[in-house]
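One letter stands for each residue in the lines below.
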Amino acid sequence: MAGKSEKSLDEKLEALLTGERVWRFQLWQPLIAAIALIVGVVMFSSFALKGGEKGANIIERSANAIASIPLLAHKIVYDIIHRENAQLAQGQRFKGAVGMSLASGAAPAGTALALARYEGDSGRGIVEIRSLDDGSIIHVYRPDANEINALSKLPKDVIDLNRDFSPKRYLPYSPVPEADGSLVFHAMGSPLVKLDACSLPVWSVDGNFHHSIERDADGNYWVPELLAKPVIPYVGDDFSDDAITEISPDGRVLFRKSVAEILIESGLARVIYSHDQYLPDGTHLNDIQPALADGPYWKKGDLFLNLRNPAMIALYRPSKNKLLWTKEGPWLLQHDVDIISDHEIGVFNNNSAAGPDGFIVRGSNNMLVYDFSTGKVSSPFQKGFEENGVRTKSNGLFTLLPDGSLMVEEQNYGRLLAFDRTGRKKWSFVNRAPKDGRVFQLGWSRFIGAGDTAKLKAAYAAHACPAVGK
């Protein structure tokens, strides 16, 4: 019995040891497989990275092609969705509101709008000159995207105009109507264009022009431009090197200077380089506001620059290549800076937070006023923004009107409106397509004063334009 018990114990011990060896072997199998997988991924990644370089061998090029499949698939799906709905509003708000809502006397007499909008029913971008007396359409510009794109000599690897700015995607931005009835604009990332009163091209300036277009005291246009290649060191080709660019009324480039270069030369290299991670969109210039006259804090020809990503407003003197003043915040992801008195500027504050899922507006947008004489910031139209639910995540602009009300473009959501300091809405336009039923985006529309509106009416009357197809 004892022998049998000992043998049973030996058998149990052997079984235990054998089971432990099996368990250890089974544990090592996935561990070895995991190590092999990691080594394989590292080697494959190395091949894939080298495959994108000049002179790569067939194995490296193959690895690069395989590694690019998920990214390519994502891009294809994104492009299909984006192209189909490129100018659709980012949210379908303002239920029941369509077009202009304007009571008699609600806006300054004799004034108008250069209303840049995507016309959803026809599937194209247009600019309407609309009277603010009664909301009627005075004139319509219908840019021919194909005709405009044909004027450009930009290579496809810089901007693929036929793909990205096809007729169904082309939306004029920041239109500037001139006294002779001509119109200057771009399509947010396209060449700068001038059309005559009959929507025929006058000139085109190649470049990636975007956001605002503002005239200086000499009638020249200041426009943000994304340079084809960065001009500053220590960045990659993907760095968004924005420039301030001055264009003459006849379409000649008079001045061009990298904003990043201005900051570095002024001792503010930290704005470009001092981040935990490489930041390819370090400045995001979206507005250039020229000073039209001397004041106690700036001179005629100075420029206010709106730099979204460092939350900075800067005052720059191009004649001296000198940065005179900067202020970061309290605005967040802001757009549009205007001179509103000889000692004040106004800033359209998106008041957005850049979160892991995109931009989130913290309550509402607002317009902040900075007073150079006191150094204080105020928000005189706060109630109007809150009560009217103005909350565009990006883009957006404001204009202080002659009657003391504030015009605001809620670009992402296709609404233009004006309200007074009590928050009372005076008029609005919702860019809903009557037949399609959906709201489409606006393109940085512009207020036109009474004097300029009268000149435009005379110019349109003097032109016998042929009928333009819708």
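Residues numbered from 1 in each chain as written. Predicted model: local features only at pLDDT ≥ 70, side-chain atom pairs only at ≥ 80, totals over all residues. Heavy atoms only, no water.

## What to know about the side chain of Ser258
Right, on to step 1. If you trace the backbone, Ser258 turns up in strand S12 (residues 253-258).
Right, on to step 2. A distance of 3.1 Å separates a polar atom in the side chain of Ser258 from the backbone nitrogen of Glu261. (Helix = DSSP H or I, 4+ residues; strand = E, 2+ residues; numbered from the N terminus. Polar contact = N/O pair within 3.5 Å; in protein donor to acceptor, adjacent residues only side chain to side chain.)

## So, the sheet that holds strand S2 (residues 112-119)
Right, on to step 1. The sheet built from four strands is open, its strands ordered S4-S3-S2-S27 with antiparallel pairing. Strands at the two margins of the open sheet, each flanked by one partner only, are strand S4 (137-141) and strand S27 (446-448). Averaged over all adjacent pairs, the angle separating strand axes in this sheet is 25°, with direction ignored.
Right, on to step 2. Where S2 and S27 come together, three bridges link them in antiparallel fashion. Directly across from Ala112, in S27, lies its bridge partner Ile448.
Right, on to step 3. In this fold helix H9 (residues 450-462) packs onto S2, strand S3 (124-131), S4 and S27, with an angle of close to 65° to the strand it touches most, S4. (Pairing = 2+ DSSP bridges. Axes fitted to C-alpha atoms, helices over the stretch in contact; angles between N-to-C directions. Contact = heavy atoms within 4.5 Å.)

## Structural notes on the nonpolar core
Right, on to step 1. Counting residues in each nonpolar core, the largest one holds 21 residues, and the members touching the most others are Ile129, Tyr170 and Phe185.
Right, on to step 2. Every element with two or more residues in this core is listed here: S2, S3, helix H4 (145-149), strand S6 (183-186), strand S7 (190-195) and H9.
Right, on to step 3. No other element matches S2, which puts three residues into this core.
Right, on to step 4. Once residues within four sequence positions are removed from consideration, Tyr170 is found in contact with Tyr118, Arg124, Gly125, Pro143, Ala145, Ile148, Asn149, Phe165, Phe185, Ala187, Ser190 and Val193. (Core = buried A, V, L, I, M, F, W, Y, C linked by side-chain atoms within 4.5 Å. Buried < 20%, exposed > 50% of the residue type's maximum accessible area, 1.4 Å probe, protein only.)

## Focus: the layout of surface pockets
Picture a little ball the size of a water molecule; that probe, rolled over the atoms, points out where space is still empty.
Right, on to step 1. Within this model, the second largest pocket holds a volume of roughly 810 Å³.
Right, on to step 2. In terms of lining, the second largest pocket is formed by 31 residues, of which the most central are Glu214, Arg215, Gln289, Arg446 and Phe447.
Right, on to step 3. Considering each element in turn, the lining of the second largest pocket owes the most residues, four residues, to strand S23 (residues 397-400).
Right, on to step 4. Split by residue class, the lining of the second largest pocket holds 16 nonpolar, six polar and nine charged. (1 Å grid on protein atoms, 1.4 Å probe; cavity = no way out; pocket = protein on both sides within 12 Å on 5 of 7 lines; lining within 4 Å. Points joined across faces, edges and corners; volume = space filled by probe spheres on them. Nonpolar A, V, L, I, M, F, W, Y, C, P; charged D, E, K, R; others polar.)

## Observations regarding H9
Right, on to step 1. Look at H9: 19 Å from first C-alpha to last across 13 residues, which is about the 18 Å you get at 1.5 Å a residue.
Right, on to step 2. Taken together, the buried positions of H9 are occupied by Thr453, Leu456, Ala459 and Tyr460. One side of H9 carries all its buried residues, which in axial view fall inside an arc of 125°. Opposite the buried face of H9, by more than 90 degrees, sit the exposed residues Ala461 and Ala462.
Right, on to step 3. As for H9, its buried residues are in contact with S2, S3, S4, strand S5 (173-177) and S27. (Expected span 1.5 Å × (residues − 1). Arc of directions from axis to C-beta.)

## Describing the pairing of S3
Right, on to step 1. Buried residues dominate S3, accounting for eight of its eight residues.
Right, on to step 2. Residues of S3 alternate between two faces, with Arg124, Ile126, Glu128 and Arg130 on one and Gly125, Val127, Ile129 and Ser131 on the opposite face, all of them buried.
Right, on to step 3. Alignment of S2 against S3, held across eight bridges, turns out to be antiparallel. Residue Leu113 lies in a different strand from S3, and its bridge partner there is Arg130.
Right, on to step 4. Count of turn residues in the S2/S3 antiparallel hairpin: four residues, of which Gly123 carries a positive phi of about 70°.
Right, on to step 5. As paired strands, S3 and S4 are joined by four bridges and run antiparallel to one another. Looking across to S4, one finds that Ile129 is bridged to His139.
Right, on to step 6. The turn joining S3 and S4, which pair antiparallel and follow one another in sequence, is formed by five residues; a positive phi near 80° is taken by Gly135.

## Some thoughts on the pairing of S12
Right, on to step 1. For strand S11 (residues 242-247) and S12, the ladder comprises five bridges, and the chain directions are antiparallel. Looking at S12, one finds that Ile247 is bridged to Val253.
Right, on to step 2. Between S11 and S12, which follow one another and run antiparallel, lie five residues, and Gly251 among them has a positive phi close to 85°.

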